[in-house]
Amino acid sequence: MRKALYRMVLALALAVALISEAQAGIEEAHAAYDRGNYSEAWSMYRQYAEQGDREAQYALGGMYYDGKGVARDYRQAALWLTRSAEQGLAEAQMFLGSLYFDGKGVSQDYEVALKWYLVAAQNGNVDAQFNMGYMYEYGLGVAIDCDKAQDWYSRAANQGDEEAQEILQYFTCREYSNVALLELRPVPTAFSSAITR
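Cut-offs used in this document
- Residues numbered from 1 in each chain as written.
- Predicted model: local features only at pLDDT ≥ 70, side-chain atom pairs only at ≥ 80, totals over all residues.
- Heavy atoms only, no water.
- Helix = DSSP H or I, 4+ residues; strand = E, 2+ residues; numbered from the N terminus.
- Buried < 20%, exposed > 50% of the residue type's maximum accessible area, 1.4 Å probe, protein only.
- Contact = heavy atoms within 4.5 Å.
- Areas by Shrake-Rupley, 256 points an atom, 1.4 Å probe, with all protein chains shown as cover.
- Phe/Tyr/Trp six-rings, centres within 6.5 Å; stacked < 30°, edge-to-face > 60°.
- Lys NZ or Arg CZ within 6 Å of the ring centre and 35° of its normal.
- Salt bridge = Lys/Arg side-chain N within 4 Å of Asp/Glu carboxyl O.
- pLDDT = per-residue confidence, 0-100.
- Expected span 1.5 Å × (residues − 1).
- Polar contact = N/O pair within 3.5 Å; in protein donor to acceptor, adjacent residues only side chain to side chain.
- Core = buried A, V, L, I, M, F, W, Y, C linked by side-chain atoms within 4.5 Å.

Student: Quick question: what am I supposed to make of the overall build of the chain here?
Tutor: Counting its secondary structure elements, the chain contains ten helices and zero strands. Secondary structure of the chain in N-to-C order comes out as α-α-α-α-α-α-α-α-α-α. Taken across its 197 residues, the chain has 37% of its residues classed as buried. Once local pairs closer than 6 in sequence are excluded, the contacts in the chain between residues at least 24 apart make up 50%. Split by element, the accessible area of the chain, about 11200 Å² in all, is 51% carbon and sulfur.

Following this line, the structure appears as structure tokens:
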């Protein structure tokens, strides 16, 4: 019994040490990125991303998206962001939703974008909450629902999102809900995806 307990304690200590080492490596990668040394940051992020670190996967996806330290590659961005998003990182979920919204690196699909926005919004991501309001207001990937749009905008506003606060002051979704040709109304160009927010 004592040997089993000792092995468990030793395994736990080793796991904590590995996590601490990985976190220190991620911090080094962040510092390299902040200094503008993108190739060094990319190399470090890649190492930890391949080991399954969701924060490194998110950062690597962003670097592929922006073309910093590596050639711009939206497919690679989507691949790494998907890995991070599936591990529950709200920022990656939001970013991935925006890739599906814009059709960058993946096929444009409002329903899949909505799925990722919803997961991120439920994880407290304010940009995703705003985007959920937008999707419901304009019926993108979901039927128009002014009440849900207002609810999501309110959640974002309650977290301090100024754009959501402004929208709620002049919220007009109900004015459009009975317009017969609503589907013909173009999507406003003022939409802010995760990448620009």
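Student: Looking at this model, I keep getting lost on the packing of aromatic side chains. Mind explaining?
Tutor: Aromatic rings in a pair are described by how distant their centres are and how their planes are angled relative to each other. Evaluation of the coordinates by the stated rule reveals nine aromatic pairs. Look at Tyr 65 and Tyr 74: their rings are 5.1 Å apart centre to centre, the planes differ by 50°, and that puts the pair in the tilted class. Exposure remark for Tyr 65: the relative accessible area of 7% places this residue in the buried category. Aromatic ring contacts, followed pair by pair, group Tyr 58, Tyr 65, Tyr 74 and Phe 95 into a single cluster. A cation sits over an aromatic face here: Arg 83 above Trp 80, 4.4 Å from the ring centre. Above the ring of Trp 152, the side-chain terminus of Arg 155 is found at 4.1 Å from the ring centroid.

Student: What am I meant to see in the pattern of salt bridges here?
Tutor: Between side chains of opposite charge, pairing is possible as soon as their charged atoms come close. Following the criterion strictly, the structure yields three salt bridges and no others. A salt bridge links Glu 40 to Arg 35, with the shortest nitrogen-to-oxygen separation between them at 3.7 Å. Of the residues examined, Glu 40 reaches a relative accessible area of 33% and is grouped as partly exposed.

Student: Help me understand the confidence of the model for the chain, please; the structure alone is not making it clear to me.
Tutor: For any part of a model where pLDDT is low, the fine detail of the predicted coordinates should not be relied upon. Across the chain, the average pLDDT comes to 85, with 77% of residues at or above 70. Across residues 178-182 the pLDDT falls below 50, and counting only partners more than four positions away or on other chains, this stretch makes two contacts in the model. Scored below 50 in pLDDT, residues 188-197 shows 27 contacts in the model against residues more than four places distant or in partner chains.

Student: Would you mind showing me how to read helix H7 (residues 126-138) here?
Tutor: Think of an α-helix as turning once every 3.6 residues; residues three or four places apart then point the same way. Relative to the 18 Å expected for 13 residues at 1.5 Å per residue, H7 spans 19 Å between its end C-alpha atoms, a close match to the ideal helical length. Along H7, eleven of the 13 residues are buried, which leaves the element largely enclosed by surrounding structure. Asp 127, Ala 128, Gln 129, Phe 130, Asn 131, Met 132, Gly 133, Tyr 134, Met 135, Tyr 136 and Glu 137 are the residues of H7 that are buried. At the N-terminal boundary of H7, the capping side chain belongs to Asn 125, with an oxygen 3.1 Å from the backbone nitrogen of Asp 127. Downstream of H7 by one or two residues, Gly 139 has phi in the positive range, about 65°.

Student: How do you make sense of the side chain of Gln 93 when you look at a structure like this?
Tutor: Checked against the element boundaries, Gln 93 lands in helix H5 (residues 90-102). Residue Gln 93 is classed as buried on the basis of its relative accessible area, which comes to 2%. Look past the residues within four positions of Gln 93 in its chain and what remains in contact with it is Ala 85, Gly 88, Trp 116, Val 119, Ala 120 and Asn 123.

Student: I tried to follow the side chain of Glu 137 on my own but got confused; where do I start?
Tutor: Residue placement: Glu 137 occurs in helix H7. On the accessibility criterion, Glu 137 (8% relative accessible area) is buried. A distance of 2.6 Å separates a polar atom in the side chain of Glu 137 from a polar atom in the side chain of Tyr 153.

Student: Please explain the nonpolar core as it appears in this structure.
Tutor: If you look at soluble globular proteins, the nonpolar side chains tend to sit buried side by side. Core analysis: the biggest nonpolar cluster contains 51 residues, and Tyr 45 and Leu 99 have the highest contact counts within it. Elements that contribute at least two residues to this core include exactly helix H1 (2-34), helix H2 (38-50), helix H3 (54-66), helix H4 (74-86), H5, helix H6 (110-122), H7 and helix H8 (146-158). It is H5 that provides the largest number of residues to this core, a total of seven residues. Apart from the residues within four sequence positions on either side, Leu 99 is in contact with Tyr 65, Ala 77, Ala 78, Leu 81, Lys 104 and Val 106.

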